[in-house]
Amino acid sequence: MVRHTEAAFARSGLLGDALDATAMTATWENAGLSNQFRQVAKAINASKTLENDRGVYYVSIGSFDTHGNSGTVMADKFDAIDLALGSFVTEMKAQGHWNNVAVLCISEFSR
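Residues numbered from 1 in each chain as written. Predicted model: local features only at pLDDT ≥ 70, side-chain atom pairs only at ≥ 80, totals over all residues. Heavy atoms only, no water.

## Notes on the nonpolar core
Reasoning step 1: Membership of the largest hydrophobic core is limited to 10 residues, which are Ala26, Trp28, Leu33, Phe37, Val40, Ala41, Ile44, Ala84, Phe88 and Met92.
Reasoning step 2: Elements supplying a minimum of two residues to this core: helix H2 (32–45) and helix H3 (70–95).
Reasoning step 3: At five residues, H2 tops the list of elements feeding residues into this core.
Reasoning step 4: Aside from chain neighbours lying at most four places away, what touches Trp28 is Ser34, Phe37, Arg38, Ala41, Ala84, Ser87, Phe88 and Glu91. (Core = buried A, V, L, I, M, F, W, Y, C linked by side-chain atoms within 4.5 Å. Buried < 20%, exposed > 50% of the residue type's maximum accessible area, 1.4 Å probe, protein only. Helix = DSSP H or I, 4+ residues; strand = E, 2+ residues; numbered from the N terminus. Contact = heavy atoms within 4.5 Å.)

Listed below in structure tokens is the structure:
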């Protein structure tokens, strides 16, 4: 058990170092969804260092279930998605990874 814990701590340190060392070229907003996409972009860029041939990453934005002022809320949410996803696409193209990335969008409300 101790060996697994030590290996997990070592791997965590390697991940942190790899993410810290990753240079980004895109302009990123300092906000929730953009921060999530930036971390995914860093992880993809560091995949060789991390010896990761392929990865699955999850980002999330909530609070779509509105019962009032839906138009404004939805417009704000879609603006945030557009900005974050745009920076992610720009970064993936700059890193040369865009042709190896698939983006999937799902909603539990099927909207």
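From this point, things continue past the structure.
## Describing the environment of Arg38
Reasoning step 1: Looking at where Arg38 falls in the secondary structure, it is placed in helix H2.
Reasoning step 2: Separated by 49 residues in sequence, Arg38 and Ser87 place their C-alpha atoms 8.1 Å apart.
Reasoning step 3: Once residues lying within four places of it in the same chain are set aside, the contact partners of Arg38 are Met24, Trp28, Glu29 and Asn30.

## Digging into the confidence of the model for the protein chain
Reasoning step 1: Per-residue pLDDT for the protein chain averages 85, and the proportion of residues at 70 or more is 95%.
Reasoning step 2: Averaged over each element, pLDDT in the protein chain is lowest for helix H1 (residues 2–21) (79) and highest for H2 (93). (pLDDT = per-residue confidence, 0-100.)

## Considering the packing of H2 against H3
Reasoning step 1: Interaxial distance between H2 and H3 falls to 9 Å at its minimum, and their mutual angle equals 15 degrees. With respect to H3, the axis of H2 lies roughly parallel. Taken as a pair, H2 and H3 cross one another with a handedness that is right-handed. Along the contact surface, H2 presents Leu33, Ser34, Phe37, Val40, Ala41, Ile44 and Asn45, while H3 presents Ala80, Ile81, Ala84, Leu85, Phe88, Glu91, Met92 and Gln95. (Axes fitted to C-alpha atoms, helices over the stretch in contact; angles between N-to-C directions. Parallel < 35°, antiparallel > 145°, perpendicular 65-115°, else oblique. Left-handed = near helix turned anticlockwise from the far one by under 90°.)

## Examining the side chain of Ser87
Reasoning step 1: Within the secondary structure, Ser87 sits in helix H3.
Reasoning step 2: Among the residues examined, Ser87 registers a relative accessible area of 8% and is labelled buried.
Reasoning step 3: Excluding anything up to four places from it in sequence, Ser87 contacts Ala26, Thr27 and Trp28.

## Some remarks on H3
Reasoning step 1: When the terminal C-alpha atoms of H3 are compared, their 37 Å separation across 26 residues agrees well with the 38 Å that a helix rising 1.5 Å per residue should span.
Reasoning step 2: For H3, the complete set of buried residues consists of Lys77, Ala84, Ser87, Phe88, Val89, Glu91, Met92 and Gln95.
Reasoning step 3: Against the buried residues of H3 lie H2.
Reasoning step 4: At the C-terminal side of H3, Gly96 shows a positive phi close to 80 degrees. (Expected span 1.5 Å × (residues − 1).)

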